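Structural overview for review
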Amino acid sequence: MERSATMTWGVAALLVIAAANVAANFYQDFEITWSPSKVKIAPGGEQLQLLLDSSSGSGFKSKRDYLFGSIDMDIQLVPGNSAGTVTAYYLSSLGANHDELDFEFLGNETGQPYIVQTNIFVSGVGGREQRHYLWFDPTVGFHKYSFRWSTQDIFFLVDGVPIRHFKKSTAYPYPERQPMGLYSSLWNGDDWATRGGLVKIDWRYAPFVASYRNFRVVPASAAPPVDLSKLAWVNRNYMVYNYCTDRPRYPTTPPDCM
Ligand SMILES: *[C@@H]1O[C@H](CO)[C@@H](O)[C@H](O)[C@H]1NC(C)=O
């Protein structure tokens with residue numbers, strides 16, 4: 001009797017989690033942080049778009065904060081001529097000693113490759129940039145961008161393929177004490193984003209639009225295993241910058257690179 005009651009509750013709890021995923025929507029889970037007139041949420045809340053024009057960009061954040069978890073979002077990056085635009089998609093605890101995990105998508109001229117820049121801040125200290133090209137055009141459809149943040153390691157994944165791994169160690173600090181909110185914004189970064197700032201935004205193509213859907217959070221332990229061999233493939237073929245090998249900047253290899 002008691003046992004079956006427990007099982008019933010177990011099943012009920014699973015159903016609640018499943019329902020929460022299905023029901024996840026942008027009205028419920030997010031709030032607009034910048035330029036409400038430039039944030040479009042589809043009726044029903046299943047899709048959101050951020051717009052950037054010459055008057056401003058726009059942004060949103062999650063209502064909840066997360067301490068560890070596997071966080072997925074499908075994003076379609078700004079199509080066409082997106083040179084000079086930056087789509088930032090990140091977890092942050094904010095404040096001076098913030099922990100932060102960044103995806104920054106640097107736009108480009110039509111047909112030229114986007115760059116995905118990732119960075120990791122622990123207690124306010126970042127400077128861990130890596131840059132990758134992608135193995136597909138991220139502007140023609142939606143692709144899944146994920147943070148996999150457990151007590152032991154952090155993965156950044158694109159369509160389930162790891163592009164970055166940061167392991168917990170006693171040799172350097174690890175983000176584990178501060179819950180982080182999920183943020184995204186689309187803004188003018190044309191002083192640095194495209195070919196180092198050489199290519200400016202062409203406002204004739206405004207508004208620039210980034211689209212979001214299928215936000216999903218599960219415990220890191222519930223996410224599928226990560227295929228580390230794919231990380232080697234990504235770094236061999238698509239990495240364009242790594243702070244770990246930037247000798248002028250870091251004459252001694254940073255401890256988190258070992
Ligand atoms: C944009 O395209 C140019 C030319 O292919 C390339 O050198 C650059 O890395 C690309 N990405 C960015 C963000 O500048």
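Rules of the game
Residues numbered from 1 in each chain as written. Predicted model: local features only at pLDDT ≥ 70, side-chain atom pairs only at ≥ 80, totals over all residues. Heavy atoms only, no water. UniProt positions renumbered as here; feature names shortened; annotations may be inferred. Helix = DSSP H or I, 4+ residues; strand = E, 2+ residues; numbered from the N terminus. Rg over C-alpha atoms; globule rule 2.2 N^0.38 Å. Buried < 20%, exposed > 50% of the residue type's maximum accessible area, 1.4 Å probe, protein only. Contact = heavy atoms within 4.5 Å. Arc of directions from axis to C-beta. Pairing = 2+ DSSP bridges. Near = heavy atom within 4 Å. Polar contact = N/O pair within 3.5 Å; in protein donor to acceptor, adjacent residues only side chain to side chain. Areas by Shrake-Rupley, 256 points an atom, 1.4 Å probe, with all protein chains shown as cover. Axes fitted to C-alpha atoms, helices over the stretch in contact; angles between N-to-C directions. Disulfide = S-S within 2.5 Å.

The protein goes by Xyloglucan endotransglucosylase/hydrolase in an unreviewed UniProt entry, where it is assigned to Ceratopteris richardii. Turning to the protein, the UniProt annotation filed under Function (unreviewed entry) states: "Catalyzes xyloglucan endohydrolysis (XEH) and/or endotransglycosylation (XET). Cleaves and religates xyloglucan polymers, an essential constituent of the primary cell wall, and thereby participates in cell wall construction of growing tissues."

Concerning the overall build of the protein
Counting its secondary structure elements, the protein contains 3 helices and 15 strands. Relative to a compact globule of 258 residues, whose C-alpha radius of gyration would be 18 Å, the protein shows 19 Å and is just as compact. C-alpha extents for the protein along the principal axes are approximately 70 × 50 × 35 Å. Taken across its 258 residues, the protein has 50% of its residues classed as buried.

Points about the UniProt feature "glycosylation site" (unreviewed entry) in the protein
Feature annotation in UniProt places "glycosylation site" (unreviewed entry) on Asn108, given in this structure's numbering. Along the polypeptide, Asn108 turns up in the loop between strand S7 (100–106) and strand S8 (115–121). Leave out the neighbours within four places in its chain, and Asn108 touches Gly80, Asn81, Ser82, Ala83, Pro113, Tyr114 and Thr194.

Quick look at helix H3 (residues 228–238)
Listed as buried for H3 are Leu231, Val234 and Tyr238. Summarising the axial view, the buried residues of H3 lie within an arc of 75°, below the 170-degree limit, and thus occupy one face. Exposed residues pointing more than 90 degrees away from the buried face of H3 are listed as Ser229 and Arg236. Buried residues in H3 make contact with strand S9 (130–132), strand S12 (161–167) and strand S15 (239–242).

A look at the pairing of strand S4 (residues 58–66)
In the sheet, strand S1 (residues 30–34) pairs with S4 via 4 bridges, with the strands oriented antiparallel. Bridged to Phe30 within S4 is Ser62. Bridge count between S4 and strand S13 (residues 180–188): 6 bridges; the pairing is antiparallel. Bridge assignment links Gly59 to a residue of S13, and that residue is Ser185.

Some points on the site of the ligand
Near the ligand the following residues occur: Leu106, Gly107, Asn108, Gln112, Pro113, Ile115, Tyr133, Ala193, Thr194 and Arg195. The side chain of Asn108 places a nitrogen or oxygen atom 2.5 Å from an oxygen atom of the ligand. The separation between an oxygen atom of the ligand and a polar side-chain atom of Gln112 is 2.6 Å. Compared with its free state, where it exposes 360 Å², the ligand has 75% of that area covered by protein.

Remarks on the sheet that holds strand S14 (residues 208–218)
Adjacent strands of a sheet form backbone hydrogen bonds with each other and so pair up, either parallel or antiparallel. Strand order across the open sheet formed by 7 strands is S2-S3-S14-S5-S10-S11-S12, with antiparallel pairing between neighbours. The sheet is open, and its two borders are formed by strand S2 (39–41) and S12, each paired with just one other strand. This sheet shows a mean twist of 20° between the axes of neighbouring strands, independent of strand direction. Taken strand by strand, H3 contacts strand S11 (153–158) and S12, and its axis lies near 105° from that of S12.

Describing the UniProt feature "active site" (unreviewed entry) in the protein
Under the local residue numbering, the UniProt record ascribes the feature "active site" (unreviewed entry) to Glu100 and Glu104. Locating Glu100 in the fold gives a position in strand S7. The buried category is assigned to Glu100, whose relative accessible area is 12%. Once you skip the residues sitting within four places of it in the chain, Glu100 turns out to touch Tyr90, Leu91, Ser92, Asn119, Ile120, Phe121 and Met180. Among the polar contacts listed, one links the side chain of Glu100 to the side chain of Ser92, at a separation of 3.1 Å. According to the relative accessible area criterion, Glu104 is buried, its value standing at 14%. Setting aside residues no more than four positions away along its own chain, Glu104 makes contact with Val86, Thr87, Ala88, Ile115, Val116, Gln117, Trp187 and Trp192.

Describing the state of the cysteines
Taken as a whole, this structure holds 1 disulfide when the rule is applied. A sulfur-sulfur separation of 2.0 Å characterises the disulfide bridge that pairs Cys244 with Cys257. Of note, the bridge from Cys244 to Cys257 carries an S-S torsion of about -80° and is left-handed in sense. Separated by 13 residues along the polypeptide, Cys244 in the segment after S15 and Cys257 in the segment after S15 bring together distant segments of the chain. Residue classification places Cys244 among the buried residues on the basis of a relative accessible area of 12%.

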